[in-house]
Amino acid sequence: MNQSTNLTLAQYRGLLIHYIKPLWRRTLLLAFILLASLSLDLYAPQVMRKFIDATLAGAALNRLVDLALIFLAVTVANQLVSVSEASLAADVSLQATNQLRTDLTRHCLALDLTFHNAHTPGELIERVDGDVGTLANFFSRFALHVLSSTLLLVGVLTLFFVIDTQIGLTMLCFSGGFLWFLHKQHQFSVPHWVTIRQLWAATYGFLEERLSGLEDIRANGAMDYVMRRYFEQGRRLFYGMMRAFLLVTGVSNLNGILLAAGAALALGLGIYRYTLGELSLGTVYLIFSYTQLLRRPLERILDQIRDLGQVAGSIVRIQSLFNTQSRISDGPGATLAAGAPAVAFDQVSFGYHANQLVLDNLSFALSPGAVLGLIGRTGSGKTTLSRLLFRLYDPTVGVVKLGGVDLRQAKVADLRRHVALVPQEVHLFHASLRHNLTLFDESIPDARILEALGELELIDWYRMLPNGLATVLAAGGGGLSAGEAQLLAVARVFLQDPGLVILDEASARLDPATERRLSRAIDRLLAGRTAIIIAHRLATLQRADQIMILADGRMAEYGPRETLARNPASRYAQLLQTGLYRSCE
């Protein structure tokens, strides 16, 4: 919260310039329109003063008609300018905020899993969409409205001095005091808006987490507990918003009273000077009009200052997100060769938390094209080993190599083109079959997709789809069997054509017939590739060349599968004899 109150002008200006600069033509046009509106605002009361004074002086009818037509034309022109300004400002704000959302989304996707494990998707949605949404006015109108309001304020005060020095000095002092009061309001309100943005993020995070686990919540009868937690979160949000809005309402009412007092003061001086015969009635009307017009820049500045309080909270959170750097950084770009790579772990240790190692001094080498079967109880480090190969994390100690290249020397995007995963839980998007298979890569031709489906014995299933590759799949795989979803996951890997494939026991939950079908697909997938099979049951290890058993992050056993199977003293042979490994996971 302290950061919010220390937000500098340079931080506001830097964010504004960065996203408005590409839109400089539209912004320049918007500035021109605002200046035109300002000129019309200042000119309209002058026309009305002439009309009043001309009427009292008994001017000819055609003179009065001309002045009335001029006033009407100025009023219509001002309305047209206002419509143009609103349309153009909306265009600028949408383009700027959309680009900011894009940059934030790209930044979040590039952050490592440590960050994502600490922040729920719902919270990040609020950061990317909610916080950015509050900046729409900041990008489109803030700087220009503050500038135009300042110019209008200066113009009105100048005209007050032209009309009467005493009135000009009075309104100058009033305006200066009011602006000082606005500045103090801003400093006081910013922390409240930062708190509200944080509460909204926590609320979105709570909803996302509970809705994603709705099946388990219902099955375990936890609906009442979830609703109670939701009411607690909603109560915190409610009281936070009440405090902020009561502050805004109270200050706004006070500001209205101050503005009304200033207008009454100027009008009283004008009437007093009129009774002394020093000012004409038209001039008194002009003072009244400019007093009302003076309210507009002051109220507009007030609105911008109020918005700036909310904007400041959002900018603090957005900059905090941008300042969060991934622990996984691109290497200098060492080349990973195509084809099946060798895999090597050299004295690798890793822990998700300090002083709590998940992998402890692990070393092994897997030759190109070989298949490693990985066995171990829950928490032994099997999944962590695969995450290190994807560089979702870097080892705390030691080196992981692919094809003889330290993974930290390669580009992350290049590495992940060489490694692919077939998981137990397949994530499918609410998108077309084509996009689900290619992960939205438009460069993959339809012929290649159909070829992959044919290799996986899915072509008959494909022909039953109503719209072929354009058929929209439900999010999470609704409408597909577990076997079909797993086969689609294998097809994804086929299309990616990696050198290293990691199988997280893709057939663990399938019926025997579907498992045999998937097994044939996996045999085709592993041909000519290096593979690591994270095993939950022994039957899937028949295609493994090497076996590794992990226990508490250490290598308990490692060697050729057939050799270990023939050695009655080996752990692997004992597992084969008892057939109990499935329960080890």
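Residues numbered from 1 in each chain as written. Predicted model: local features only at pLDDT ≥ 70, side-chain atom pairs only at ≥ 80, totals over all residues. Heavy atoms only, no water.

(A) Main features of the pattern of salt bridges. For the coordinates displayed, the defined rule picks out 16 salt bridges. Close ionic contact of Arg 317 with Asp 131 constitutes a salt bridge, the shortest N to O distance being 2.8 Å. Pair noted here: Arg 317 is in helix α11 (residues 281–323) and Asp 131 is in helix α6 (residues 121–133), with a separation of 186 residues, a long-range link. In this structure, Arg 317 and Asp 131 share a single accessibility class: buried. (Salt bridge = Lys/Arg side-chain N within 4 Å of Asp/Glu carboxyl O. Helix = DSSP H or I, 4+ residues; strand = E, 2+ residues; numbered from the N terminus. Buried < 20%, exposed > 50% of the residue type's maximum accessible area, 1.4 Å probe, protein only.)

(B) Quick peek at the packing of helix α15 (residues 446–455) against helix α17 (residues 482–496). Where α15 meets α17, the axes come as close as 10 Å, and the angle between the chain directions of the two elements is 130°. With respect to α17, the axis of α15 lies oblique. The crossing of α15 and α17 is right-handed. Every residue of α17 that contacts α15 at Arg 448, Ile 449, Ala 452, Leu 453 and Glu 455 is listed here: Leu 488, Phe 494 and Leu 495. Its residues assigned to classes, the contact of α15 with α17 comprises 6 nonpolar, no polar and 2 charged. (Axes fitted to C-alpha atoms, helices over the stretch in contact; angles between N-to-C directions. Parallel < 35°, antiparallel > 145°, perpendicular 65-115°, else oblique. Left-handed = near helix turned anticlockwise from the far one by under 90°. Contact = heavy atoms within 4.5 Å. Nonpolar A, V, L, I, M, F, W, Y, C, P; charged D, E, K, R; others polar.)

(C) Representation of the packing of helix α4 (residues 61–110) against α6 within the structure. Between α4 and α6, the shortest axis-to-axis distance is 9 Å and the interhelical angle comes to 155°. Relative to α6, the element α4 lies roughly antiparallel. Of the two elements, α4 crosses α6, and the hand of that crossing is right-handed. Between α4 and α6, the residues in contact are Thr 97, Leu 100, Arg 101, Leu 104, Thr 105 and Cys 108 and Arg 127, Val 128, Asp 129, Val 132 and Gly 133, respectively. Here the residues of the contact of α4 with α6 sort into 5 nonpolar, 3 polar and 3 charged.

(D) Fine view of the packing of aromatic side chains. Evaluation of the coordinates by the stated rule reveals 8 aromatic pairs. With 5.1 Å between their ring centres and 80° between their planes, Tyr 352 and Tyr 393 make a pair best called edge-to-face. Within this pair, whereas Tyr 352 is found in the loop between β1 (343–350) and β2 (359–366), its partner Tyr 393 is found in the loop between α12 (382–390) and β4 (397–402), the two being separated by 41 residues in sequence. When the centroid spacing of 6.0 Å and the interplanar angle of 50° are considered together, the rings of Phe 364 and Tyr 558 count as tilted. You can see Phe 364 sitting in strand β2 and its partner Tyr 558 sitting in strand β12 (residues 554–560), a full 194 residues away along the chain. Three or more aromatic residues link up through ring pairs in this structure, and these residues are Phe 345, Phe 364 and Tyr 558. (Phe/Tyr/Trp six-rings, centres within 6.5 Å; stacked < 30°, edge-to-face > 60°.)

These figures come from the coordinates and say nothing about function on their own.
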